[in-house]
Amino acid sequence: VITGTNTTSVENGKRNTYGLGAYYDLNADYRLRGQYYWADSSDTKKTGGSLAAVGIDRRFGRDLTLYAMYAMVNNEDESRFPVASGGHDSKLASVKGENASAFSLGFIYNF
């Protein structure tokens, strides 16, 4: 699944972003997932970055799925992309030029 190209306006010009995501069912219970996104530099040099994530889902019937995911972001010298945007109106801080990684565990329950 290709997420596509998106040209966005940023504080210092325009930026092209691209993404790719895929999954593979190992069997009826396990699914592997992967995503890769990258953004080129805006009109200001060294403001690009990339994010890669890999994970696995474990399904327990139709209603319950447990998952684990590892993600890492690679920022150029002048960029500060976060590894995650947080939830419930919270933000994870990012530092200009620093790389970050995160590991998450969770579940999905379908009512």
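Report on the accompanying structure. (Residues numbered from 1 in each chain as written. Predicted model: local features only at pLDDT ≥ 70, side-chain atom pairs only at ≥ 80, totals over all residues. Heavy atoms only, no water.)

### Details of the nonpolar core
(1) Moving on: Grouped together as the largest cluster of nonpolar side chains are six residues: Leu 51, Ala 53, Met 69, Ala 71, Val 73 and Val 83.
(2) Moving on: Secondary structure elements with two or more residues in this core: β4 (49–60) and β5 (64–75).
(3) Moving on: With three residues, β5 is the single largest residue contributor to this core.
(4) Moving on: When neighbours within four sequence positions are excluded, Leu 51 is seen to be in contact with Gln 35, Tyr 36, Tyr 37, Met 72, Val 73, Pro 82 and Val 83. (Core = buried A, V, L, I, M, F, W, Y, C linked by side-chain atoms within 4.5 Å. Buried < 20%, exposed > 50% of the residue type's maximum accessible area, 1.4 Å probe, protein only. Helix = DSSP H or I, 4+ residues; strand = E, 2+ residues; numbered from the N terminus. Contact = heavy atoms within 4.5 Å.)

### Examining the environment of Tyr 37
(1) Moving on: One can find Tyr 37 in strand β3 (residues 30–39).
(2) Moving on: Take Tyr 37: its relative accessible area is 27%, and that puts it in the partly exposed class.
(3) Moving on: On a C-alpha basis, the gap between Tyr 37 and Tyr 18 in space is 5.6 Å, while along the polypeptide they are 19 residues apart.
(4) Moving on: Looking at Tyr 37, its side chain comes within polar contact range of the side chain of Gln 35, at 3.3 Å. (Polar contact = N/O pair within 3.5 Å; in protein donor to acceptor, adjacent residues only side chain to side chain.)

### Digging into the side chain of Arg 31
(1) Moving on: Mapped onto the secondary structure, Arg 31 falls in strand β3.
(2) Moving on: At 2.6 Å, the side chain of Arg 31 forms a polar contact with the side chain of Asp 25.
(3) Moving on: In contact with Arg 31, not counting residues within four places along its chain, are Tyr 23, Tyr 24, Asp 25, Gly 55, Ile 56, Asp 57 and Arg 59.

### Remarks on the pattern of salt bridges
(1) Moving on: For the structure shown, the criterion picks out five salt bridges.
(2) Moving on: The partner of Asp 29 in a salt bridge is Arg 58, and the shortest N-O contact between them spans 3.7 Å. Of the two residues, Asp 29 sits in the loop between β2 (13–25) and β3 while Arg 58 sits in strand β4, which places them 29 residues apart along the sequence.
(3) Moving on: Residue classification places Asp 29 among the partly exposed residues on the basis of a relative accessible area of 32%.
(4) Moving on: A relative accessible area of 24% means that Arg 58 is categorised as partly exposed.
(5) Moving on: Between Asp 57 and Arg 33 there is a salt bridge; the shortest N-O distance is 2.8 Å. With a gap of 24 residues between them, Asp 57 in strand β4 and Arg 33 in strand β3 connect regions that are remote in the sequence.
(6) Moving on: Salt bridges sharing common partners tie together Asp 25, Arg 31 and Arg 59. (Salt bridge = Lys/Arg side-chain N within 4 Å of Asp/Glu carboxyl O.)

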